[in-house]
Amino acid sequence: MNDQPILRVLLGVGGGISVYKSVDLVRRLAERGCEVRVVMTQAATAFVTPLTFQAVSGHSVRTDLLDPAAEAGMDHIELARWADRLLIAPATANLMARLAAGIANDLLTTLALASEAQLYLAPAMNQAMWRHPATQANLATLRARGARILGPAEGGQACGDVGPGRMLEPLEIAAALRPRVQQHLAGARVLITAGPTREALDPVRFLGNRSSGRMGYALAEALAELGAEVVLVSGPTALPAPRVAEVIQIESALQMHAVVMERARRCDLFVATAAVADYRPVAPAERKLKKDTEKLKLDLIRNPDILAEVAALHSAPFTVGFAAETDRVLEYAQSKLTNKRLDMIAANHVGSERGGFERPDNALTVLWNGGSHELPLMNKARLARELAALIAERYGARHAAST
Ligand code: PMT
(Lines give C-alpha, C1' and ligand atoms only; values in the text may rest on other atoms or scores of the structure.)
Protein backbone atom coordinates (compact mmCIF):
# COMPACT_ATOMS: atom_id res chain seq x y z
CA MET A 1 0.00 0.00 0.00
CA ASN A 2 1.18 3.50 -0.75
CA ASP A 3 0.89 5.57 2.44
CA GLN A 4 2.90 8.52 1.13
CA PRO A 5 1.20 11.92 1.18
CA ILE A 6 0.31 13.75 -1.96
CA LEU A 7 2.84 15.87 -3.85
CA ARG A 8 1.40 17.55 -6.92
CA VAL A 9 3.68 17.18 -9.91
CA LEU A 10 3.05 18.88 -13.22
CA LEU A 11 4.97 16.85 -15.77
CA GLY A 12 5.92 18.75 -18.93
CA VAL A 13 6.83 16.42 -21.76
CA GLY A 14 9.05 17.75 -24.54
CA GLY A 15 9.48 16.22 -28.00
CA GLY A 16 12.30 13.66 -27.99
CA ILE A 17 12.72 9.93 -28.30
CA SER A 18 12.95 9.53 -24.50
CA VAL A 19 9.26 10.39 -24.21
CA TYR A 20 8.68 6.66 -23.86
CA LYS A 21 10.54 6.78 -20.52
CA SER A 22 8.26 9.60 -19.32
CA VAL A 23 5.28 7.26 -19.49
CA ASP A 24 6.95 5.01 -16.90
CA LEU A 25 8.01 8.12 -14.95
CA VAL A 26 4.32 8.93 -14.32
CA ARG A 27 3.88 5.49 -12.71
CA ARG A 28 7.06 5.82 -10.65
CA LEU A 29 5.95 9.21 -9.33
CA ALA A 30 2.51 7.84 -8.47
CA GLU A 31 4.16 4.99 -6.52
CA ARG A 32 5.87 7.65 -4.40
CA GLY A 33 2.59 9.38 -3.53
CA CYS A 34 2.57 12.01 -6.27
CA GLU A 35 -0.49 13.17 -8.15
CA VAL A 36 0.67 13.80 -11.71
CA ARG A 37 -0.88 16.00 -14.40
CA VAL A 38 0.70 15.95 -17.82
CA VAL A 39 1.25 18.73 -20.34
CA MET A 40 2.78 17.82 -23.71
CA THR A 41 4.36 19.98 -26.36
CA GLN A 42 3.13 19.46 -29.93
CA ALA A 43 6.45 17.77 -30.77
CA ALA A 44 6.01 15.30 -27.92
CA THR A 45 2.66 14.16 -29.33
CA ALA A 46 4.52 12.98 -32.46
CA PHE A 47 6.27 10.34 -30.32
CA VAL A 48 3.51 9.20 -27.93
CA THR A 49 -0.19 10.08 -27.94
CA PRO A 50 -1.78 12.08 -25.12
CA LEU A 51 -4.09 9.10 -24.57
CA THR A 52 -1.17 7.04 -23.27
CA PHE A 53 -0.34 9.66 -20.62
CA GLN A 54 -4.04 10.04 -19.81
CA ALA A 55 -4.25 6.30 -19.14
CA VAL A 56 -1.24 6.22 -16.79
CA SER A 57 -1.94 9.51 -14.98
CA GLY A 58 -5.72 9.13 -14.74
CA HIS A 59 -6.21 12.73 -15.88
CA SER A 60 -6.79 14.34 -19.25
CA VAL A 61 -3.64 15.66 -20.86
CA ARG A 62 -3.20 19.30 -21.94
CA THR A 63 -1.41 20.17 -25.17
CA ASP A 64 -2.77 23.58 -26.22
CA LEU A 65 -2.76 26.96 -24.55
CA LEU A 66 -5.82 28.13 -26.45
CA ASP A 67 -8.11 25.17 -25.87
CA PRO A 68 -11.52 26.53 -24.77
CA ALA A 69 -12.73 23.13 -23.52
CA ALA A 70 -9.66 22.59 -21.32
CA GLU A 71 -9.63 26.20 -20.07
CA ALA A 72 -13.25 25.78 -18.94
CA GLY A 73 -11.99 23.19 -16.43
CA MET A 74 -8.70 23.89 -14.62
CA ASP A 75 -7.36 26.86 -16.60
CA HIS A 76 -3.64 27.18 -17.20
CA ILE A 77 -3.10 29.63 -14.34
CA GLU A 78 -4.93 27.32 -11.93
CA LEU A 79 -2.82 24.46 -13.25
CA ALA A 80 0.34 26.49 -12.65
CA ARG A 81 -0.77 27.24 -9.07
CA TRP A 82 -1.87 23.64 -8.47
CA ALA A 83 1.64 22.24 -8.90
CA ASP A 84 4.12 21.75 -6.04
CA ARG A 85 6.77 20.75 -8.58
CA LEU A 86 7.14 21.45 -12.30
CA LEU A 87 9.14 18.65 -13.85
CA ILE A 88 10.11 18.81 -17.52
CA ALA A 89 11.19 15.42 -18.84
CA PRO A 90 12.49 15.16 -21.44
CA ALA A 91 13.79 18.73 -21.52
CA THR A 92 14.98 19.21 -25.10
CA ALA A 93 17.59 21.77 -26.20
CA ASN A 94 14.80 23.81 -27.78
CA LEU A 95 12.69 23.80 -24.61
CA MET A 96 15.67 24.79 -22.46
CA ALA A 97 16.46 27.67 -24.84
CA ARG A 98 12.89 28.96 -24.68
CA LEU A 99 12.79 28.61 -20.88
CA ALA A 100 16.10 30.46 -20.51
CA ALA A 101 14.85 33.29 -22.73
CA GLY A 102 11.49 33.46 -20.94
CA ILE A 103 9.60 32.76 -24.16
CA ALA A 104 6.01 31.62 -23.58
CA ASN A 105 4.84 30.48 -27.00
CA ASP A 106 3.03 27.29 -26.02
CA LEU A 107 1.23 25.88 -23.01
CA LEU A 108 4.26 24.31 -21.33
CA THR A 109 6.54 27.36 -21.53
CA THR A 110 3.64 29.58 -20.43
CA LEU A 111 3.10 27.36 -17.39
CA ALA A 112 6.80 27.53 -16.60
CA LEU A 113 6.53 31.32 -16.39
CA ALA A 114 3.26 31.30 -14.47
CA SER A 115 4.20 28.67 -11.89
CA GLU A 116 6.03 29.39 -8.63
CA ALA A 117 6.69 25.68 -8.15
CA GLN A 118 10.25 24.38 -7.99
CA LEU A 119 11.37 23.67 -11.57
CA TYR A 120 13.18 20.39 -12.34
CA LEU A 121 14.64 19.63 -15.77
CA ALA A 122 15.66 16.21 -17.03
CA PRO A 123 17.58 17.06 -20.22
CA ALA A 124 17.63 14.64 -23.14
CA MET A 125 19.28 15.39 -26.46
CA ASN A 126 22.06 14.42 -28.84
CA GLN A 127 25.51 14.66 -27.20
CA ALA A 128 26.73 17.40 -29.58
CA MET A 129 23.62 19.48 -28.89
CA TRP A 130 24.23 19.03 -25.15
CA ARG A 131 27.87 20.15 -25.44
CA HIS A 132 27.02 23.16 -27.63
CA PRO A 133 27.93 26.46 -25.92
CA ALA A 134 24.39 27.79 -26.51
CA THR A 135 22.86 24.86 -24.61
CA GLN A 136 25.46 25.15 -21.85
CA ALA A 137 24.78 28.90 -21.53
CA ASN A 138 21.03 28.24 -21.29
CA LEU A 139 21.70 25.58 -18.68
CA ALA A 140 23.79 28.02 -16.61
CA THR A 141 21.02 30.65 -16.81
CA LEU A 142 18.36 28.18 -15.71
CA ARG A 143 20.54 26.88 -12.88
CA ALA A 144 21.28 30.41 -11.67
CA ARG A 145 17.52 31.01 -11.49
CA GLY A 146 17.10 28.02 -9.20
CA ALA A 147 16.15 25.23 -11.65
CA ARG A 148 17.37 21.81 -10.55
CA ILE A 149 18.95 19.78 -13.32
CA LEU A 150 18.62 16.01 -13.20
CA GLY A 151 21.20 14.37 -15.45
CA PRO A 152 21.72 13.80 -18.28
CA ALA A 153 23.38 10.37 -18.21
CA GLU A 154 26.17 9.27 -20.54
CA GLY A 155 26.05 6.33 -22.93
CA GLY A 156 24.78 5.10 -26.27
CA GLN A 157 22.13 7.33 -27.87
CA ALA A 158 19.16 6.56 -30.15
CA CYS A 159 20.98 8.36 -33.02
CA GLY A 160 24.03 6.07 -32.65
CA ASP A 161 26.29 8.63 -30.90
CA VAL A 162 27.88 7.93 -27.56
CA GLY A 163 28.19 10.62 -24.88
CA PRO A 164 26.21 12.79 -22.45
CA GLY A 165 22.55 13.47 -23.30
CA ARG A 166 20.54 10.40 -22.29
CA MET A 167 17.58 11.17 -20.05
CA LEU A 168 17.96 9.71 -16.55
CA GLU A 169 15.96 6.58 -15.77
CA PRO A 170 12.42 7.19 -14.41
CA LEU A 171 13.30 5.75 -10.99
CA GLU A 172 16.26 8.12 -10.63
CA ILE A 173 14.13 11.14 -11.57
CA ALA A 174 11.30 10.12 -9.23
CA ALA A 175 13.75 9.59 -6.35
CA ALA A 176 15.32 13.03 -6.89
CA LEU A 177 11.92 14.66 -6.77
CA ARG A 178 10.53 12.72 -3.87
CA PRO A 179 13.12 11.45 -1.39
CA ARG A 180 11.77 8.71 0.81
CA VAL A 181 13.04 10.62 3.87
CA GLN A 182 9.59 12.20 4.17
CA GLN A 183 8.32 8.91 5.54
CA HIS A 184 9.90 9.88 8.86
CA LEU A 185 6.63 11.55 9.89
CA ALA A 186 4.46 8.47 9.40
CA GLY A 187 2.68 7.96 12.73
CA ALA A 188 4.59 10.76 14.50
CA ARG A 189 2.50 12.64 17.08
CA VAL A 190 2.55 16.37 16.37
CA LEU A 191 1.21 19.09 18.66
CA ILE A 192 0.93 22.45 16.91
CA THR A 193 -0.32 25.86 18.04
CA ALA A 194 -1.85 28.42 15.68
CA GLY A 195 -3.67 31.73 15.53
CA PRO A 196 -3.74 34.62 17.96
CA THR A 197 -4.55 34.64 21.66
CA ARG A 198 -7.01 37.03 23.30
CA GLU A 199 -6.20 38.55 26.67
CA ALA A 200 -9.34 39.81 28.34
CA LEU A 201 -9.51 43.42 29.56
CA ASP A 202 -13.13 43.13 30.61
CA PRO A 203 -16.07 40.94 29.52
CA VAL A 204 -16.25 42.61 26.08
CA ARG A 205 -12.71 43.73 25.23
CA PHE A 206 -9.39 41.99 24.78
CA LEU A 207 -5.79 42.53 23.73
CA GLY A 208 -5.15 40.59 20.51
CA ASN A 209 -2.91 40.53 17.46
CA ARG A 210 -3.07 40.23 13.69
CA SER A 211 -2.57 36.47 13.32
CA SER A 212 -5.25 34.94 11.09
CA GLY A 213 -4.18 31.36 11.82
CA ARG A 214 -3.62 30.64 8.11
CA MET A 215 0.05 29.70 8.42
CA GLY A 216 -0.54 27.36 11.36
CA TYR A 217 -3.65 25.71 9.89
CA ALA A 218 -1.88 25.12 6.56
CA LEU A 219 1.15 23.66 8.36
CA ALA A 220 -1.05 21.41 10.52
CA GLU A 221 -2.66 20.02 7.38
CA ALA A 222 0.66 19.63 5.57
CA LEU A 223 2.13 17.67 8.51
CA ALA A 224 -0.97 15.46 8.56
CA GLU A 225 -0.52 14.86 4.81
CA LEU A 226 2.97 13.58 5.62
CA GLY A 227 1.43 10.91 7.81
CA ALA A 228 1.64 12.61 11.23
CA GLU A 229 -1.13 12.42 13.81
CA VAL A 230 -1.73 16.11 14.36
CA VAL A 231 -3.38 17.86 17.32
CA LEU A 232 -3.95 21.56 16.70
CA VAL A 233 -4.36 24.00 19.58
CA SER A 234 -5.89 27.10 18.09
CA GLY A 235 -6.72 30.60 19.18
CA PRO A 236 -9.83 32.25 17.71
CA THR A 237 -9.78 32.37 13.90
CA ALA A 238 -12.33 32.61 11.10
CA LEU A 239 -10.96 29.51 9.36
CA PRO A 240 -12.70 26.17 8.81
CA ALA A 241 -11.24 23.28 10.85
CA PRO A 242 -8.27 21.70 9.04
CA ARG A 243 -8.14 17.98 8.23
CA VAL A 244 -6.19 16.83 11.30
CA ALA A 245 -6.80 14.30 14.08
CA GLU A 246 -8.01 16.81 16.70
CA VAL A 247 -8.58 20.56 17.06
CA ILE A 248 -8.69 22.17 20.51
CA GLN A 249 -10.00 25.73 20.66
CA ILE A 250 -8.67 28.10 23.29
CA GLU A 251 -8.81 31.88 23.80
CA SER A 252 -6.02 33.07 26.06
CA ALA A 253 -2.30 32.38 26.38
CA LEU A 254 -2.89 30.77 29.79
CA GLN A 255 -5.44 28.37 28.28
CA MET A 256 -3.06 27.52 25.42
CA HIS A 257 -0.28 26.99 27.96
CA ALA A 258 -2.45 24.61 30.04
CA VAL A 259 -3.48 22.48 27.03
CA VAL A 260 0.01 22.33 25.55
CA MET A 261 1.77 21.45 28.81
CA GLU A 262 -0.76 18.71 29.51
CA ARG A 263 -0.07 17.12 26.09
CA ALA A 264 3.57 17.98 25.35
CA ARG A 265 5.06 14.89 27.01
CA ARG A 266 2.94 12.69 24.76
CA CYS A 267 4.07 14.21 21.46
CA ASP A 268 7.08 13.61 19.22
CA LEU A 269 7.11 17.06 17.65
CA PHE A 270 5.93 20.43 18.94
CA VAL A 271 5.44 23.28 16.45
CA ALA A 272 4.66 26.77 17.77
CA THR A 273 3.08 28.80 14.99
CA ALA A 274 0.74 30.76 17.26
CA ALA A 275 1.20 34.45 17.93
CA VAL A 276 0.92 34.21 21.71
CA ALA A 277 0.46 37.39 23.71
CA ASP A 278 3.58 38.04 25.76
CA TYR A 279 1.57 39.95 28.39
CA ARG A 280 -1.96 39.83 29.81
CA PRO A 281 -3.88 42.24 32.04
CA VAL A 282 -3.11 41.47 35.68
CA ALA A 283 -6.74 41.58 36.68
CA PRO A 284 -9.40 41.74 33.93
CA ALA A 285 -12.36 43.87 35.04
CA GLU A 286 -15.46 41.88 35.93
CA ARG A 287 -17.72 44.49 34.37
CA LYS A 288 -17.40 46.53 31.21
CA LEU A 289 -14.89 49.35 31.73
CA LYS A 290 -16.45 52.81 31.56
CA LYS A 291 -14.85 55.72 29.75
CA ASP A 292 -15.02 58.05 32.73
CA THR A 293 -11.33 58.99 32.84
CA GLU A 294 -9.20 60.77 30.22
CA LYS A 295 -6.40 58.21 30.50
CA LEU A 296 -6.52 54.51 31.24
CA LYS A 297 -3.51 52.63 32.50
CA LEU A 298 -3.27 48.91 31.94
CA ASP A 299 -1.37 46.78 34.37
CA LEU A 300 0.13 43.84 32.46
CA ILE A 301 1.97 40.72 33.56
CA ARG A 302 4.14 38.33 31.54
CA ASN A 303 2.55 35.22 30.10
CA PRO A 304 4.43 31.93 30.31
CA ASP A 305 6.61 31.24 27.29
CA ILE A 306 5.00 28.03 26.05
CA LEU A 307 7.65 27.25 23.45
CA ALA A 308 10.55 27.70 25.88
CA GLU A 309 8.83 25.54 28.52
CA VAL A 310 8.23 22.69 26.07
CA ALA A 311 11.80 22.82 24.77
CA ALA A 312 13.09 22.71 28.37
CA LEU A 313 11.14 19.55 29.26
CA HIS A 314 13.06 16.45 30.20
CA SER A 315 13.04 14.36 26.96
CA ALA A 316 11.50 17.27 25.07
CA PRO A 317 9.85 16.64 21.72
CA PHE A 318 11.52 17.82 18.52
CA THR A 319 10.66 21.50 18.87
CA VAL A 320 10.06 24.01 16.08
CA GLY A 321 9.48 27.68 16.83
CA PHE A 322 8.52 30.66 14.71
CA ALA A 323 9.98 34.13 15.06
CA ALA A 324 7.90 37.06 13.85
CA GLU A 325 10.10 40.13 13.67
CA THR A 326 9.95 43.53 11.98
CA ASP A 327 13.73 44.07 11.99
CA ARG A 328 17.02 42.18 12.56
CA VAL A 329 14.93 39.12 11.72
CA LEU A 330 17.71 36.54 11.39
CA GLU A 331 19.66 37.81 14.39
CA TYR A 332 16.62 37.58 16.70
CA ALA A 333 15.59 34.22 15.23
CA GLN A 334 19.09 32.82 15.75
CA SER A 335 19.12 33.97 19.38
CA LYS A 336 15.69 32.36 20.00
CA LEU A 337 16.97 29.13 18.44
CA THR A 338 19.95 29.12 20.78
CA ASN A 339 18.46 30.55 23.98
CA LYS A 340 15.29 28.45 23.91
CA ARG A 341 17.24 25.37 22.76
CA LEU A 342 14.97 24.72 19.79
CA ASP A 343 15.60 22.17 17.05
CA MET A 344 14.45 24.55 14.31
CA ILE A 345 13.06 28.04 13.92
CA ALA A 346 11.19 29.64 11.03
CA ALA A 347 11.99 33.34 10.80
CA ASN A 348 9.18 35.49 9.55
CA HIS A 349 9.63 39.05 8.37
CA VAL A 350 6.37 40.67 9.44
CA GLY A 351 5.02 44.14 8.69
CA SER A 352 6.58 44.17 5.20
CA GLU A 353 5.80 43.16 1.63
CA ARG A 354 7.27 39.71 2.33
CA GLY A 355 4.07 38.38 3.88
CA GLY A 356 3.53 37.42 7.53
CA PHE A 357 0.31 38.16 9.40
CA GLU A 358 -3.09 38.01 7.71
CA ARG A 359 -1.77 37.80 4.15
CA PRO A 360 -2.27 34.75 1.89
CA ASP A 361 1.48 34.67 1.10
CA ASN A 362 4.56 34.36 3.27
CA ALA A 363 8.32 33.82 3.05
CA LEU A 364 10.48 32.13 5.69
CA THR A 365 14.11 31.56 6.52
CA VAL A 366 14.40 28.30 8.42
CA LEU A 367 17.37 27.88 10.78
CA TRP A 368 18.73 24.95 12.73
CA ASN A 369 22.07 24.21 14.33
CA GLY A 370 24.50 23.94 11.45
CA GLY A 371 22.13 24.80 8.61
CA SER A 372 19.49 27.06 7.06
CA HIS A 373 17.05 27.07 4.17
CA GLU A 374 15.29 29.92 2.35
CA LEU A 375 11.64 29.47 1.45
CA PRO A 376 10.80 32.36 -0.90
CA LEU A 377 7.48 34.22 -1.04
CA MET A 378 4.65 31.85 -2.00
CA ASN A 379 1.11 31.09 -0.87
CA LYS A 380 0.87 29.71 2.66
CA ALA A 381 -0.52 26.32 1.59
CA ARG A 382 2.48 25.61 -0.61
CA LEU A 383 4.90 27.17 1.88
CA ALA A 384 3.45 24.90 4.56
CA ARG A 385 4.09 21.81 2.43
CA GLU A 386 7.70 22.89 1.82
CA LEU A 387 8.22 23.61 5.51
CA ALA A 388 6.58 20.33 6.55
CA ALA A 389 8.94 18.42 4.24
CA LEU A 390 11.91 20.25 5.77
CA ILE A 391 10.70 19.51 9.32
CA ALA A 392 10.29 15.84 8.35
CA GLU A 393 13.81 15.80 6.94
CA ARG A 394 15.41 17.36 10.05
CA TYR A 395 13.32 15.23 12.40
CA GLY A 396 14.40 12.15 10.43
CA ALA A 397 18.04 13.24 10.58
CA ARG A 398 17.86 13.61 14.39
CA HIS A 399 16.32 10.15 14.70
CA ALA A 400 18.96 8.65 12.46
CA ALA A 401 21.69 10.30 14.59
CA SER A 402 20.24 8.99 17.87
CA THR A 403 19.71 5.38 16.77
O1 PMT B 1 -1.59 33.48 11.41
P2 PMT B 1 -1.10 34.17 10.14
O3 PMT B 1 -1.88 35.41 9.82
O4 PMT B 1 -1.04 33.22 8.98
O5 PMT B 1 0.39 34.68 10.40
C6 PMT B 1 1.42 33.76 10.62
C7 PMT B 1 2.34 34.21 11.76
C8 PMT B 1 3.06 35.47 11.31
C9 PMT B 1 1.56 34.46 13.03
C10 PMT B 1 3.32 33.03 12.02
O11 PMT B 1 3.92 32.63 10.85
C12 PMT B 1 4.38 33.42 13.05
O13 PMT B 1 5.41 34.00 12.76
N14 PMT B 1 4.11 33.02 14.33
C15 PMT B 1 4.92 33.37 15.46
C16 PMT B 1 4.44 34.68 15.98
C17 PMT B 1 5.12 35.10 17.26
O18 PMT B 1 4.46 35.28 18.25
O19 PMT B 1 6.42 35.17 17.21
P20 PMT B 1 7.35 35.59 18.48
O21 PMT B 1 8.66 35.91 17.86
O22 PMT B 1 6.70 36.62 19.31
O23 PMT B 1 7.41 34.26 19.32
C24 PMT B 1 8.44 33.31 19.14
C25 PMT B 1 7.94 31.91 19.31
O26 PMT B 1 7.55 31.68 20.66
C27 PMT B 1 6.74 31.55 18.47
O28 PMT B 1 6.90 30.23 18.01
C29 PMT B 1 5.56 31.64 19.45
O30 PMT B 1 4.51 30.71 19.09
C31 PMT B 1 6.22 31.23 20.75
N32 PMT B 1 5.65 31.85 21.95
C33 PMT B 1 5.70 33.20 22.12
C34 PMT B 1 5.24 33.76 23.30
C35 PMT B 1 4.70 32.92 24.29
N36 PMT B 1 4.23 33.41 25.42
N37 PMT B 1 4.66 31.59 24.09
C38 PMT B 1 5.13 31.04 22.94
O39 PMT B 1 5.06 29.81 22.77
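Rules behind the numbers
Residues numbered from 1 in each chain as written. Predicted model: local features only at pLDDT ≥ 70, side-chain atom pairs only at ≥ 80, totals over all residues. Heavy atoms only, no water. Near = heavy atom within 4 Å. Polar contact = N/O pair within 3.5 Å; in protein donor to acceptor, adjacent residues only side chain to side chain. Areas by Shrake-Rupley, 256 points an atom, 1.4 Å probe, with all protein chains shown as cover. Helix = DSSP H or I, 4+ residues; strand = E, 2+ residues; numbered from the N terminus. Phe/Tyr/Trp six-rings, centres within 6.5 Å; stacked < 30°, edge-to-face > 60°. Buried < 20%, exposed > 50% of the residue type's maximum accessible area, 1.4 Å probe, protein only. Lys NZ or Arg CZ within 6 Å of the ring centre and 35° of its normal. Core = buried A, V, L, I, M, F, W, Y, C linked by side-chain atoms within 4.5 Å. Contact = heavy atoms within 4.5 Å. Salt bridge = Lys/Arg side-chain N within 4 Å of Asp/Glu carboxyl O. Arc of directions from axis to C-beta. Pairing = 2+ DSSP bridges. Axes fitted to C-alpha atoms, helices over the stretch in contact; angles between N-to-C directions.

### Describing the site of the ligand
Next up, step 1: Taken together, 27 residues lie around the ligand, and Ser211, Ala272, Ala274, Lys336 and Asn348 are the ones closest in.
Next up, step 2: Thr273 places a polar main-chain atom, nitrogen or oxygen, 2.8 Å from a nitrogen atom of the ligand.
Next up, step 3: Expressed as a share of its isolated accessible area of 770 Å², the protein-covered part of the ligand is 95%.
Next up, step 4: It is strand E16 (residues 318–325) that provides the largest number of residues to the shell around the ligand, a total of four residues.

### Re the packing of aromatic side chains
Next up, step 1: Applying the stated criterion across every chain yields a total of one aromatic pair.
Next up, step 2: Ring geometry for Phe318 against Tyr395: centres 5.6 Å apart, planes inclined by 80°, an arrangement best described as edge-to-face. Taken together, the residues span a long stretch of sequence, with Phe318 in strand E16 and Tyr395 in helix H15 (residues 380–402) at a distance of 77 residues. For the pair Phe318 and Tyr395, one class covers both residues: buried.
Next up, step 3: Here the basic side chain of Arg37 rests over the ring of Trp82, its NZ or CZ set 5.3 Å away from the ring centre.

### Things to note about the nonpolar core
Grouped burial of nonpolar side chains is what soluble globular proteins tend to show.
Next up, step 1: The biggest cluster of nonpolar side chains holds 37 residues, and the ones touching the most others in it are Leu185, Ile192, Leu219 and Leu223.
Next up, step 2: Dropping the residues within four chain positions of it, Ile192 is found in contact with Gly216, Leu219, Ala220, Leu223, Val230, Val231, Leu232, Val233, Val271 and Thr273.
Next up, step 3: Within the second largest apolar cluster, 28 residues are counted, among which are Val13, Val19, Phe53 and Ala124.

### Focus: the environment of Glu225
Next up, step 1: As for its placement among the helices and strands, Glu225 is situated in helix H11 (residues 214–225).
Next up, step 2: Classification of Glu225 as partly exposed rests on a relative accessible area of 28%.
Next up, step 3: Sequence separation between Glu225 and Arg385 is 160 residues; the distance between their C-alpha atoms is 8.7 Å.

### As for the side chain of Asp84
Next up, step 1: With respect to the element layout, Asp84 can be found in the loop between helix H5 (76–82) and strand E3 (85–91).
Next up, step 2: Residue class for Asp84 comes out buried when judged on its relative accessible area of 2%.
Next up, step 3: Separated by 2.6 Å, the side chains of Asp84 and Arg385 make a polar contact.

### Focus on the pattern of salt bridges
Next up, step 1: The full count for this structure, using the stated rule, is 19 salt bridges.
Next up, step 2: Between Asp84 and Arg385 there is a salt bridge, with its nearest N and O atoms 2.6 Å apart. Of the two residues, Asp84 is situated in the loop between H5 and E3 and Arg385 in helix H15; the sequence distance between them amounts to 301 residues.
Next up, step 3: Of the residues examined, Arg385 reaches a relative accessible area of 18% and is grouped as buried.
Next up, step 4: Close ionic contact of Asp305 with Lys340 constitutes a salt bridge, the shortest N to O distance being 2.7 Å. You can see Asp305 sitting in the loop between strand E15 (300–302) and helix H13 (306–311) and its partner Lys340 sitting in the loop between helix H14 (329–339) and strand E17 (344–349), a full 35 residues away along the chain.
Next up, step 5: Note on Asp305: relative accessible area 30%, which makes it partly exposed.

### As for helix H10 (residues 170–177)
In an α-helix, one full turn covers 3.6 residues, which means residues spaced three or four apart are oriented alike.
Next up, step 1: Looking at H10, one finds that the buried residues are Pro170, Ile173, Ala174 and Leu177. One face of H10 carries all of its buried residues, which in axial projection span an arc of 95°.
Next up, step 2: On its buried face, H10 sits against strand E1 (7–13), helix H1 (19–31), E3 and strand E4 (118–123).

### Topic: the sheet that holds E17
Next up, step 1: Strands sit in the order E12-E11-E8-E13-E16-E17-E18-E19 across an open sheet of eight strands; the sheet is mixed. Two strands close off the open sheet at either side, each with one partner strand: strand E12 (246–249) and strand E19 (371–379). Between one strand and the next, the sheet's axes are offset by a mean angle of 15°, whatever the strand orientation.
Next up, step 2: Of the strand pairs in this sheet, E16 and E17 are connected by six bridges, and their pairing is parallel. Bridged to Phe322 within E17 is Ala346.
Next up, step 3: Along the sheet, H11 contacts strand E8 (189–194), strand E11 (229–234), E12, strand E13 (269–272), E16 and strand E18 (361–368); its crossing angle with E8, the most-contacted strand, is approximately 170°.

### Regarding the pairing of strand E6 (residues 153–156)
Next up, step 1: Pairing between E6 and strand E7 (residues 162–166): four bridges, direction antiparallel. Its bridge partner being in E7, Ala153 is matched across the sheet by Arg166.
Next up, step 2: The loop that links E6 with its antiparallel partner E7 comprises five residues; one of these, Gly160, has a positive phi angle of about 100°.

### Section: unusual backbone geometry
Next up, step 1: Cis geometry is adopted by the peptide bond preceding Pro90, which originates at Ala89 and carries an omega value of 0°.
Next up, step 2: Tracing the sequence through the fold places Pro90 in strand E3.
Next up, step 3: A cis amide bond, omega 5°, links Gly151 with the succeeding residue Pro152.
Next up, step 4: Mapped onto the elements of the fold, Pro152 is located in the loop between strand E5 (148–149) and E6.
Next up, step 5: Notably, Arg328 is not glycine yet its phi reads approximately 45°, a positive angle.
Next up, step 6: A relative accessible area of 48% places Arg328 in the partly exposed class.

### Examining the environment of Val190
Next up, step 1: Among the structural elements, Val190 can be located in strand E8.
Next up, step 2: Of the residues examined, Val190 reaches a relative accessible area of 2% and is grouped as buried.
Next up, step 3: Sequence spacing of Val190 and Val231 is 41 residues, and the spatial spacing of their C-alpha atoms is 6.2 Å.
Next up, step 4: Not counting the four nearest positions on each side in its chain, Val190 is found in contact with Leu223, Ala228, Glu229, Val230, Val231, Leu269 and Val271.

Fair warning: the whole summary comes from geometry, so function is off the table for now.
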